[in-house]
Protein chains: 2
Amino acid sequence: MELDHLSREDDMTEVTRRGAIAAAAATTLASMGASAPAGAAAPAAGRRAPGWYRYTVGDLEVTVVTDGARSFDLTPSYVTNAPIEEVRKALAAAYMPPNRMIHHYAPIVINTGGKLVVIDTGGGPGAYKQTKGELGQFAENLVASGIDPKSIDMVVISHFHGDHVNGLLDASNKLAFPNAEVLVPEVEWKFWMDDGEMSRASAGRMADLFKNNRRIFDALGRKVTTYGWGKEIAPGVLPVATTGHSIGHTSYVVSSGNSTIYVQSDVTNNPDLFARHPDWGGAFDQDPNAAVATRRKVYDMLVAEKLLVQGFHYPFPGLARVEKAGGGYRVIPAPWHPTL
Amino acid sequence: MELDHLSREDDMTEVTRRGAIAAAAATTLASMGASAPAGAAAPAAGRRAPGWYRYTVGDLEVTVVTDGARSFDLTPSYVTNAPIEEVRKALAAAYMPPNRMIHHYAPIVINTGGKLVVIDTGGGPGAYKQTKGELGQFAENLVASGIDPKSIDMVVISHFHGDHVNGLLDASNKLAFPNAEVLVPEVEWKFWMDDGEMSRASAGRMADLFKNNRRIFDALGRKVTTYGWGKEIAPGVLPVATTGHSIGHTSYVVSSGNSTIYVQSDVTNNPDLFARHPDWGGAFDQDPNAAVATRRKVYDMLVAEKLLVQGFHYPFPGLARVEKAGGGYRVIPAPWHPTL
């Protein structure tokens, strides 16, 4: 019996390639309906699983809506302070292809009873187009979950990276949630909108981020509400400072009754690397040292409190608990409940 | 920050109770459509996440379709050879309520390109009614996944327990997959259909199983095809003997190209108990000693081969890898791929 641990990755590509054919086949299958002849060669359904999952936290209802996943070649600079061989070993230990990195993305929607609150927005229509639907799925999966974007009251941004803010805009560069107030961390807002900071940004990633943030928020007429840390922004939704990954990076303690989850945002990216190896800095961390310190502090707290954590970059649906393992942490997915 | 590890369990009950109201609310939300006023109090969606997940194994397409999950009070006899205190400890270590046991259920459908093959069928309409929809979801989730029951060519049964065979029948006691051939392990068939064995069955669970199997297969006019171990029953689907849980209990090696998964059926029930503690016998094991020996053998193989395993009683979607951990095994869910 042979194992090919690249197979799922390959399959993902393969399936993407044959997407158009499969979609046609699926349509045929559906239209065959009740009169489908048994024993006919079965066309591959080719349709991906729905990308949303719903659970409750006390009286709150949380809907995790995946924006998709993408893989890319691992580069020596991806982890800032570990040799690529060590990173490859960590990937192999997690049954991943040792030369490819996979990023997962999942915004959430919290129904507080009074308000529908989106936290982060995914890569938006641009990412969808660029990746042929591997990313930027948030909008369509949100609708599939039964939530109308027009019914969203509040969009909360955790930090100003493209995979969190770009989904604020629809394909016509209008607010994708037309009736929503947009809330942003005041530290992020101050930093990224400051012309002096922008002029001092190093070329490449930082300069691109400044440019992207102007693009997004200028399209919105810079109409946002800034929020600070330590004060609820909606019933049961408390923003807390988890800086490092970005200067104003924010996580959320979401609670109702005696139930609590911790919405970590990007305290780690893929946990197979950055929870198992919390001291590794990511190329995407604005201040890798601060990001590491924050990660240790948050994860030690998650372990001590046995707290449920919702991870934007965890594999869908991204609800989990954390345990100590070796010098790092192991992320244990919470079991899926088929009845809400 | 307080953790209430019972909360998700409680929430499940709570949500089930308010199901009818929530369904009405969801309908209202949907019909509000484009004209939904922003800032209106948001009704809870109350709709559970879709219960299917699809992946490929080489050229095969596998659709996992959950039948649901249910919880029940832990009793001293649930594990045959460990004190209930030890079992409670294991549940607490898995962040489960120490006095409640949770069982998950998930049949699969394999599209071989030529055939649509269902493996196991869930608890059927009776379970659905009895549990108010917590179990017996297979039929509706199958349709949600885009698969018409009439298009199923073959239903393969792993063993003759109610949660695997009862879904063979629809609410009118007809074959739920009207165009399918029903394949059953010949050892199971011989044992459960034998009048002598039935007359010697101990009262209670064994007698009930005999009675239930007569009910199911008599309704089908005993029209089944028996299969042996070690010979493919459909392209890429190889049944293998994993006896103990039941006298003819069967697992499947499913492979295509250089990709393979191991469909374990009930080699373990909930892995938090029976993979972490492989030497524990379950009250539902026909021969607990043989079940333990099989479990060790299969799990050692899964570890050695780093093989993907699909578990009927793993939490949905139930695709995982297995590692050694302490004296037992740890089941590591495979990451969810949002693009097929």
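Just so we're clear, the structure is a prediction, and the values are computed from it rather than from any experiment. (Residues numbered from 1 in each chain as written. Chains lettered and ligands numbered in written order. Predicted model: local features only at pLDDT ≥ 70, side-chain atom pairs only at ≥ 80, totals over all residues.)

## Focus on the sheet that holds strand 6 (residues 116–119) of chain B
Residues and elements named next belong to chain B.
Thinking step 1. Strand order in this open sheet of seven strands is 1-2-5-6-7-8-9, and the pairing throughout is mixed. Strands with a single pairing partner mark the edges of an open sheet, and in this sheet they are strand 1 (52–57) and strand 9 (225–227). Here the average twist between neighbouring strands, direction ignored, is 25°.
Thinking step 2. As paired elements, strand 5 (residues 108–111) and strand 6 share four bridges and run antiparallel to each other. Bridging across to strand 6, Ile-108 finds its partner in Ile-119. (Pairing = 2+ DSSP bridges. Helix = DSSP H or I, 4+ residues; strand = E, 2+ residues; numbered from the N terminus. Axes fitted to C-alpha atoms, helices over the stretch in contact; angles between N-to-C directions.)

## Some words on the sheet that holds strand 2 (residues 60–65) of chain A
Residue and element names in this part refer to chain A.
Thinking step 1. Strand order in the open sheet formed by seven strands is 1-2-5-6-7-8-9, with mixed pairing between adjacent strands. The open sheet terminates on both sides in strands that have one partner only, identified here as strand 1 (52–57) and strand 9 (225–227). Looking at each pair of strands side by side, their axes are set apart by 25° on average, direction ignored.
Thinking step 2. Bridging between strand 2 and strand 5 (residues 108–111) involves four bridges; their strand directions are antiparallel. In the sheet register, Thr-63 faces strand 5, and the bridge partner there is Val-109.

## Observations concerning the domain arrangement of chain A
Thinking step 1. Assigned domains within chain A: domain 1 (1–30) and domain 2 (52–333).
Thinking step 2. Just the C-alpha atoms count here: the centres of domain 1 of chain A and domain 2 of chain A sit 28 Å apart. (Domains from an automatic or database assignment.)

## Notes on the environment of Leu-175 of chain A
Residues and elements named next belong to chain A.
Thinking step 1. Position of Leu-175 relative to the elements: it lies in the loop between helix 6 (162–165) and strand 8 (181–185).
Thinking step 2. With 84 residues separating them along the chain, Leu-175 and Ser-259 place their C-alpha atoms 33 Å apart.
Thinking step 3. Apart from the residues lying within four places of it in its own chain, the contact partners of Leu-175 are Leu-168, Leu-169, Ala-180 and Leu-220. (Contact = placed C-beta atoms within 7 Å.)

## A closer look at helix 11 (residues 288–305) of chain B
Residue and element names in this part refer to chain B.
Thinking step 1. The first and last C-alpha atoms of helix 11 sit 25 Å apart over 18 residues, in line with the 26 Å expected at 1.5 Å per residue.
Thinking step 2. Residues of helix 11 that are buried sit in contact with strand 12 (259–265), helix 10 (271–274), strand 13 (308–311), strand 14 (319–325) and strand 15 (328–333).
Thinking step 3. Count one or two residues on from helix 11 and you reach Lys-306, which has phi positive near 50°. (Expected span 1.5 Å × (residues − 1).)

## As for the pairing of strand 2 of chain A
Residues and elements named next belong to chain A.
Thinking step 1. Of all six residues in strand 2, six are buried; the element is thus mostly enclosed.
Thinking step 2. Where strand 1 lies against strand 2, six bridges are found, and the strand directions are antiparallel. Residue pairing for strand 2: Thr-56 is matched across the bridge by Glu-61.
Thinking step 3. Connecting strand 1 to the next strand, strand 2, in antiparallel fashion are two residues, including Gly-58 with a positive phi near 60°. (Buried ≥ 20, exposed ≤ 12 C-beta atoms within 10 Å, placed from the backbone.)

## Overview of helix 3 (residues 84–93) of chain B
All names here are of chain B.
Thinking step 1. All of the buried residues along helix 3 are Val-87, Ala-90 and Leu-91. Looking straight down helix 3, one finds that the buried residues subtend no more than 100° of arc, so they occupy a single side. When the buried face of helix 3 is taken as reference, the exposed residues oriented beyond 90 degrees from it are Glu-85 and Ala-93.
Thinking step 2. The secondary structure elements touched by the buried residues of helix 3 are helix 10.
Thinking step 3. Tyr-95 sits one or two residues past helix 3 and shows a positive phi near 60°. (Arc of directions from axis to C-beta.)

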